[in-house]
Amino acid sequence: MKDYLFYNIPKDSVDFSQFRGHYNIYLLCRKGRVCFHQSNKEIEAREWDFVVWPRLKRYDSISFSEDVEAEVFLVSDYFLDLYKPETAWDIPGFKYLKEHPVLHLEEDDFEEREHIGSIFRQIGYRLEYPQLVFEEEIIGNLLRVMLYDIWCIVDRTVLVTDNSDLPLKHFGDFLYEAQHDCGEKRDVASYAKMMELTPKYLTELSNQVTGRPASNWIDYYAARLLRKELSAKDVPFTDIAEKMKFSSLPAFSRYVKRVLGCSPTEYRESLKHKGKLY
């Protein structure tokens, strides 16, 4: 079984039943309509809708309008796991897509449409004229970029959604705040207070959505920020500690040791050996 396949509809005749349970399917509808059933509901995708079917999600009775123009990218679990980005939206994003398989690319957002559309064009072109070397790496990295774009759309959708999926909206709000405020706030209570929630609810919500406590996501974003700050060789540790509102240099060092697995000095030394200090 190939790790990835690509089809143009109506140019290519595709029997989707043969892929069910074997591939994750990404479909971009450029024109016309795509209809299918999922969880006993009839769902329709129209022009500039983007459909995502995870491998194990049941879908039936797929049909296309006569004027349909669509592109389909199929990816095995192995290939997806190999190239999917490690982000906070990974688990909640896939959970959201299982219940909301159709993402609408906004008509007034040309960049959003162009981002997804250009990825599909690139994948189709690369597979129509196969590379002798690096094909897998090229397709894998195009998949990674596409997934980042999908998480951006999910993030945008969840943050403006109504209260029908309030827990996921709360979690999206929390991730947004943690990403932007982890330089100063690194405790669950601060984010809970900011969002007018209780720390217990926020922790339980994070565990429910991702299987990981809220503190893990705060540390995740803080670690990213620390890696960036520590890669600047001429910036003293005291300046970074002060900038990130640590009470003391020892407190800063203990936190770095906990989230990066080594002291600030050891981390800089490792970057020096790799030639990644600037």
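Our subject is the structure listed above.
Residues numbered from 1 in each chain as written. Predicted model: local features only at pLDDT ≥ 70, side-chain atom pairs only at ≥ 80, totals over all residues. Heavy atoms only, no water.

Caption draft 1: Structural view of the sheet that holds strand β8 (residues 102–104). Overall, antiparallel pairing links the five strands, which are arranged β1-β7-β2-β5-β8 in an open sheet. The open sheet terminates on both sides in strands that have one partner only, identified here as β1 (4–9) and β8. Ignoring which end each strand starts from, the neighbouring axes of this sheet average 15° apart. Note: strand β2 (residues 24–31) against strand β7 (residues 69–75), seven bridges, orientation antiparallel. Residue pairing in the sheet places L27 in a bridge with V72 of β7. Helix α3 (residues 110–128) contacts β1, β2, β5 (49–53), β7 and β8 of the sheet and is inclined by roughly 115° relative to β2. (Pairing = 2+ DSSP bridges. Helix = DSSP H or I, 4+ residues; strand = E, 2+ residues; numbered from the N terminus. Axes fitted to C-alpha atoms, helices over the stretch in contact; angles between N-to-C directions. Contact = heavy atoms within 4.5 Å.)

Caption draft 2: How the structure looks around the nonpolar core. The biggest cluster of nonpolar side chains holds 64 residues, and the ones touching the most others in it are Y26, F50, F73, L143, I150 and F174. In terms of residues, this core owes the most to one element, helix α4 (residues 135–159), which gives nine residues. (Core = buried A, V, L, I, M, F, W, Y, C linked by side-chain atoms within 4.5 Å. Buried < 20%, exposed > 50% of the residue type's maximum accessible area, 1.4 Å probe, protein only.)

Caption draft 3: Representation of the side chain of E229. Within the secondary structure layout, E229 lies in helix α8 (residues 214–230). A distance of 2.8 Å separates the side chain of E229 from the side chain of K243, its partner in a polar contact. Beyond its immediate chain neighbours, meaning those up to four positions away, E229 contacts I240, K243 and R268. (Polar contact = N/O pair within 3.5 Å; in protein donor to acceptor, adjacent residues only side chain to side chain.)

Caption draft 4: Layout of the environment of P54. As for its placement among the helices and strands, P54 is situated in the loop between β5 and β6 (60–64). Its relative accessible area of 11% is what places P54 among the buried residues. Sequence-wise, P54 and Y23 are 31 residues apart; in three dimensions their C-alpha atoms are separated by 7.5 Å. Once you skip the residues sitting within four places of it in the chain, P54 turns out to touch Y23, N24 and K98.

Caption draft 5: Quick look at the sheet that holds strand β3 (residues 34–38). Read across the open sheet, the three strands follow the order β4-β3-β6; overall the sheet is antiparallel. The outermost strands of the open sheet, each flanked by one partner alone, are β4 (41–45) and β6. Across this sheet, the average inter-strand angle for adjacent strands is 15°, counted without regard to direction. Relative to β4, β3 is paired through five bridges, and the arrangement is antiparallel. In the strand pairing of β4, C35 is matched with E44.

Caption draft 6: Summary view of helix α10 (residues 249–260). Taking 1.5 Å of rise per residue, the 12 residues of α10 would be expected to cover 16 Å, and the 16 Å separating its terminal C-alpha atoms lies within 8% of that figure. Of the residues making up α10, those classed as buried are A251, F252, Y255, V256, V259 and L260. Projected onto a plane normal to the axis of α10, the buried residues spread over an arc of 135° and lie on a single side. Residues of α10 that are exposed and point over 90 degrees away from its buried face: R254 and R258. (Expected span 1.5 Å × (residues − 1). Arc of directions from axis to C-beta.)

Caption draft 7: Highlighting the packing of α8 against α10. Relative to each other, α8 and α10 sit at 110°, their axes nearing to 10 Å. Classified by the interaxial angle, the pair formed by α8 and α10 is roughly perpendicular. Handedness of the crossing formed by α8 with α10: left-handed. Note on element contacts: α10 touches α8 through F252, Y255, V256, R258, V259 and L260, opposite I218, D219, A222, A223, L226, R227 and L230. Residue composition of the contact of α8 with α10, by class: 10 nonpolar, no polar and three charged. (Parallel < 35°, antiparallel > 145°, perpendicular 65-115°, else oblique. Left-handed = near helix turned anticlockwise from the far one by under 90°. Nonpolar A, V, L, I, M, F, W, Y, C, P; charged D, E, K, R; others polar.)

By themselves, these figures tell us nothing about what the structure is for.
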